[in-house]
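Architecture and fold: a report
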Amino acid sequence: MGRRFAFKFVNLRFSVMDTSTKIAVIGGGSWATANIKMLTDNRNPKEIFWWMRDEENIEHIKKYKHNGSYLSSIEIKVPATNITSNLAEVVEKCDMILLNIPAAFLKEVLSTLNPDSFKGKKVISAIKGFIPEDNMIIGEFMNKSFQIPFEDIVVLSGPCHAEEVALEKLSYLTIASPDQALATEFANLVNTRYIKTNVSDDIYGTEYAAVLKNIYAVASGICHGVGYGDNFQSVLISNAIQEISRFVNAVHPIDRDIKESAYLGDLLVTAYSQFSRNRTFGNMIGKGYNVRSAQLEMNMVAEGYYASKSLHHINKQYKVNMPICRAVYAILYEKHSPSIEMKLLADQLS
Ligand SMILES: NC(=O)C1=CN([C@@H]2O[C@H](COP(=O)(O)OP(=O)(O)OC[C@H]3O[C@@H](n4cnc5c(N)ncnc54)[C@H](O)[C@@H]3O)[C@@H](O)[C@H]2O)C=CC1
Ligand SMILES: O=C(CO)COP(=O)(O)O
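Residues numbered from 1 in each chain as written. Chains lettered and ligands numbered in written order. Predicted model: local features only at pLDDT ≥ 70, side-chain atom pairs only at ≥ 80, totals over all residues.

Going by the annotation in an unreviewed UniProt entry, the name recorded for the chain is Glycerol-3-phosphate dehydrogenase [NAD(P)+], with Arcticibacter pallidicorallinus given as the source organism. In its Subcellular location (unreviewed entry) section, the UniProt record describing the chain reads: "Cytoplasm". Per UniProt, the comment on the chain under Sequence similarities (unreviewed entry) is "Belongs to the NAD-dependent glycerol-3-phosphate dehydrogenase family." (UniProt positions renumbered as here; feature names shortened; annotations may be inferred.)

Written as structure tokens, this is what we have:
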């Protein structure tokens, strides 16, 4: 507590990699596909394995070298023999396991594994969500359920949209772990011409901020959907970063600068980007879609919807003043009118 590492860029050229590193990417969505691209574009030696549920998509990727369902412009360079739907086999084989499926499905997917499957493994979470049944962030859940020490857990965060990785637009990742050497080792596996990495030891703050910003991006979309303009959006997001700051300081009070890109940057990109799933989902809610029809229309997962419910429960313990999260919860789970709720919220912001 109280300790803070300055973010630093990791120099790829002089790193020494273990040539035997075997890394598994678990998940077949947009972010997993973008992570596969980073890992294969990065020149440090490694063997990459890829797990996904959908057999049909696996066959498509093996045949055409593109993911047929997500970011299909990306050329997949993982050997066909390393792409599988056998989770136990891929986890057993690899030293590093990169988890990349929406949080709502993680518990069910991992339930097929033995409790000691992750023994001796390094686990990287690229997921930005709470486990809904337990109201836990992923690092906490993996520590409690699989007894993985926090020193063996890494959080991979943004600000970074998968779609811009596909386009090779310059992006920055934040890689957080209590073990700075491990964070640096992982950074050296994903650094590329278009990906720069920041290393941090704030594993809790990075993960909570990354989950919370999804709720604010939903709020941003709702406001846009009901007709508010850029002037109000800026007030909303200024208040959102204050809510994030209050919450992470209540849960994990260390000396951190909330303006750094892992916190403020991730909030901004998600609240404003045309690529954001959460903003798109919120926009539909603001325009009058119900939750189910907005979800069906997207074919992608807006984590903020689930996070809103978990946060509502978690905050019963911390009692942090979070009027924006409260308003989103009321709209999504108590069926309050988006326009009335946003009007009430507007009176509380400054
Ligand atoms: N897309 C992005 O730009 C970024 C996403 N993330 C995070 O990455 C995680 C994965 O999200 P995306 O790749 O964006 O997902 P996505 O929205 O692109 O795809 C949905 C994924 O959910 C899977 N899925 C759907 N129903 C399922 C079920 N019943 N059981 C298991 N899996 C199921 C699909 O197979 C697919 O892999 C999320 O936590 C997200 O917040 C983090 C940073 C950037
Ligand atoms: O986390 C993200 C960007 O950093 C992705 O956000 P969305 O899921 O809203 O697209």
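Describing the site of ligand 1
Neighbouring ligand 1 are 26 residues, the closest being G29, S30, W31, F105 and M300. A breakdown of the residues in the shell around ligand 1 according to their chemical character gives 14 nonpolar, eight polar and four charged. When residues of the shell around ligand 1 are assigned to domains, at least three fall in each of domain 1 (22–201) and domain 2 (205–346). (Near = placed C-beta within 6 Å. Nonpolar A, V, L, I, M, F, W, Y, C, P; charged D, E, K, R; others polar. Domains from an automatic or database assignment.)

Some words on the sheet that holds strand β1 (residues 22–26)
One open sheet holds the eight strands; their spatial order is β3-β2-β1-β4-β5-β8-β9-β10, and the pairing between them is mixed. Each edge of the open sheet carries a strand with a single partner, namely β3 (83–84) and β10 (195–200). Inspection of the sheet shows strand β9 (residues 171–176) paired to β10 by six bridges, in the parallel sense. Counted as the bridge partner of S171 is I195 from β10. Its contacts with the sheet place helix α8 (residues 203–226) against β8 (153–157), β9 and β10, and it is angled at close to 40 degrees to β8. (Pairing = 2+ DSSP bridges. Helix = DSSP H or I, 4+ residues; strand = E, 2+ residues; numbered from the N terminus. Contact = placed C-beta atoms within 7 Å. Axes fitted to C-alpha atoms, helices over the stretch in contact; angles between N-to-C directions.)

Thoughts on the site of ligand 2
Taken together, 15 residues are adjacent to ligand 2, and G158, T270, S276, R277 and N278 come closest. Mapped by element, the contributors of at least two residues to the shell around ligand 2 are α8, α10 (261–272) and α11 (277–286). A per-class count over the shell around ligand 2 returns five nonpolar, six polar and four charged. Shared between two domains, the shell around ligand 2 takes at least three residues from each, and those domains are domain 1 (22–201) and domain 2 (205–346).

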